[in-house]
Amino acid sequence: MTDAIVLKYEISPDDFTRAGEASSDVKGKLKQMRVAPEAIRKVAIAMYEGEINMVIHAKGGEITVEITPEQIRMILADVGPGIPDVELAMKAGYSTAPDEVRNLGFGAGMGLPNMKKYTDTMEIETELGVGTTITMTVNL
């Protein structure tokens, strides 16, 4: 991947006050680069949903964003509990978020479905007790 711009973000666990900062930063950078608004919107939504999932379900993690003239690739890697049933987790409305998270307005079970909906490709690699890596791309 030559001429790629690579951005890295550390996501803190249980920090809802800072959740969304990484996706907001990427959105701003893509605007500066004059990326098409529709692509920016897709990246911002997918990355925000992933970022929130990392705050709620994982013990934080790292997001790497690779920007090339062809695509934007987002790699979200965490060291959380893993996803026991990916197929079930992909169902709209399914959530394992605790009540205190739901009371904050998060955990409606739309994270993974929205991530898939707003990206051109999405791959989930997960291992129980080890963590999850989600790789998403938005084509330009």
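Structure shown above.
Anyway, here's the lowdown on the structure attached to this text. Predicted, not measured: the structure shown is a model, and the values here were computed from it.

### Let's talk about the pattern of salt bridges
In this structure the tally under the stated criterion is five salt bridges. Ionic pairing is found between Arg-73 and Glu-66, a salt bridge with its closest N-O pair at 3.0 Å. Accessibility expressed as a relative area gives 27% for Arg-73, which makes it partly exposed.

### Some remarks on the pairing of strand E4 (residues 121–127)
Pairing analysis gives seven bridges linking E4 to strand E5 (residues 131–139), with the strands arranged antiparallel. For Thr-121, the partnering residue across the bridge sits in E5 and is Thr-137. Where E4 folds back on E5, the antiparallel hairpin that results is connected by three residues, among which Gly-129 adopts a positive phi of roughly 80°.

### What about the layout of surface pockets?
If you add up the space inside the largest pocket, you get close to 630 Å³. Around the largest pocket, the lining comprises 32 residues; the ones closest to its centre are Asn-53, His-57, Ile-83, Thr-96 and Leu-112. It is helix H2 (residues 37–56) that provides the largest number of residues to the lining of the largest pocket, a total of seven residues. Partitioned by chemical class, the residues of the lining of the largest pocket number 17 nonpolar, twelve polar and three charged.

Conventions and cut-offs
- Residues numbered from 1 in each chain as written.
- Predicted model: local features only at pLDDT ≥ 70, side-chain atom pairs only at ≥ 80, totals over all residues.
- Heavy atoms only, no water.
- Salt bridge = Lys/Arg side-chain N within 4 Å of Asp/Glu carboxyl O.
- Buried < 20%, exposed > 50% of the residue type's maximum accessible area, 1.4 Å probe, protein only.
- Pairing = 2+ DSSP bridges.
- Helix = DSSP H or I, 4+ residues; strand = E, 2+ residues; numbered from the N terminus.
- 1 Å grid on protein atoms, 1.4 Å probe; cavity = no way out; pocket = protein on both sides within 12 Å on 5 of 7 lines; lining within 4 Å.
- Points joined across faces, edges and corners; volume = space filled by probe spheres on them.
- Nonpolar A, V, L, I, M, F, W, Y, C, P; charged D, E, K, R; others polar.

Don't take any of this as a statement about function, it's just geometry.
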